[in-house]
Amino acid sequence: MTTTILILVVGVLVVLTAVYISWRAGRLDRLHIRLETAQAALDAALLRRAAVCLELAGSRILDPATSLVLAAAAHEARTAGPDEREHAESDLSKTLRAVVGQERFREKLAEHPAGTALMEELDTAVAKVVYSRRFFNNAVAVTRTAQRRWLARTLRLAGHTDYPQFFEIDDAPPDSLAAE
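If you're wondering where the values come from, they're calculated on a predicted model, not measured in any experiment. (Residues numbered from 1 in each chain as written. Predicted model: local features only at pLDDT ≥ 70, side-chain atom pairs only at ≥ 80, totals over all residues. Heavy atoms only, no water.)

**Brief notes about the overall build of the protein chain**
Part 1 of the argument: Across its full length, the protein chain carries seven helices and zero strands.
Part 2 of the argument: Moving toward the C terminus, one meets the helices and strands of the protein chain in the order α-α-α-α-α-α-α.
Part 3 of the argument: In terms of overall dimensions, the protein chain is more spread out than a globule: its C-alpha atoms have a radius of gyration of 24 Å, far above the 16 Å expected for 180 residues.
Part 4 of the argument: Principal-axis analysis of the C-alpha atoms gives the protein chain an extent of 90 × 30 × 20 Å. (Helix = DSSP H or I, 4+ residues; strand = E, 2+ residues; numbered from the N terminus. Rg over C-alpha atoms; globule rule 2.2 N^0.38 Å.)

Listed below in structure tokens is the structure:
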């Protein structure tokens with residue numbers, strides 16, 4: 001009888017351990033899906049910001065030199081490879097702050113028929129980049145923590161995937177956009 005109870009207890013422990021390991025693997029899988037979704041949202045937000053900057057540069061509201069600098073920065077951000085992307089996106093943020101920080105920038109936009117709508121679109125695109133990057137970096141932190149747990153490392157629950165990397169850019173909005 002004690003052998004039967006011992007086998008039953010060991011069996012229950014094995015089943016509970018298997019359930020726990022399966023739950024941890026499922027959680028890690030869900031975190032990777034969340035990370036991929038956050039990456040896609042961040043990519044979309046960055047592309048949208050670059051598109052709005054290109055639209056602003058091509059609107060003929062700005063002087064030609066400013067338009068050229070803004071268009072070049074937006075183009076670099078859109079076409080940058082994975083290794084240069086953070087740098088190119090930071091450059092676009094700095095260029096955008098310089099453009100929006102120009103004297104009489106809001107007055108120039110207000111004089112143009114599509115200027116107000118373009119400014120609202122730019123404000124929305126810049127805010128989405130900030131939020132998307134924060135959400136992505138949060139997902140990276142949670143996923144990295146889950147991958148570093150001893151059970152995940154020992155049983156290779158994450159497979160052979162590398163630790164996800166944070167996306168660090170200068171995404172501070174221009175002062176006039178942040179104030180609104």
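**Examining the packing of helix α1 (residues 2-57) against helix α3 (residues 85-100)**
A pair of packed helices is captured by two measures, namely the crossing angle of their axes and the spacing between those axes.
Part 1 of the argument: Where α1 meets α3, the axes come as close as 12 Å, and the angle between the chain directions of the two elements is 40 degrees. Between α1 and α3, the crossing angle belongs to the class labelled oblique. Judged by the sense of rotation from one axis to the other, the crossing of α1 with α3 is left-handed. Along its contact with α1, which presents Asp43, Leu46, Arg49, Ala50 and Cys53, the element α3 presents Arg85, Glu89, Leu92, Ser93 and Leu96. (Axes fitted to C-alpha atoms, helices over the stretch in contact; angles between N-to-C directions. Parallel < 35°, antiparallel > 145°, perpendicular 65-115°, else oblique. Left-handed = near helix turned anticlockwise from the far one by under 90°. Contact = heavy atoms within 4.5 Å.)

**Notes on helix α2 (residues 64-79)**
Part 1 of the argument: In a regular helix each residue adds 1.5 Å, so 16 residues correspond to 22 Å; α2 covers 22 Å between its end C-alpha atoms and thus fits that length.
Part 2 of the argument: All buried positions along α2 are accounted for by Thr66, Ser67, Leu70, Ala73, Ala74 and Ala77. Seen end-on, α2 carries its buried residues on one side only, within an arc spanning 135 degrees. Turned more than 90 degrees from where α2 packs its buried face, Pro64 and Leu68 sit exposed.
Part 3 of the argument: Where α2 is buried, its residues contact α1 and α3. (Expected span 1.5 Å × (residues − 1). Buried < 20%, exposed > 50% of the residue type's maximum accessible area, 1.4 Å probe, protein only. Arc of directions from axis to C-beta.)

**Some words on the nonpolar core**
Part 1 of the argument: Membership of the largest hydrophobic core comes to 22 residues, with the highest contact counts inside it found for Cys53, Leu56, Leu70, Leu92, Leu96, Phe105 and Leu122.
Part 2 of the argument: Mapped by element, the contributors of at least two residues to this core are α1, α2, α3, α4 (105-111) and α5 (115-148).
Part 3 of the argument: Leaving out residues up to four positions away in the same chain, Leu70 has contacts with Cys53, Leu56, Ala57, Leu62, Leu92, Thr95, Leu96 and Val99. (Core = buried A, V, L, I, M, F, W, Y, C linked by side-chain atoms within 4.5 Å.)

Limitation: the analysis is restricted to geometry and does not speak to function.
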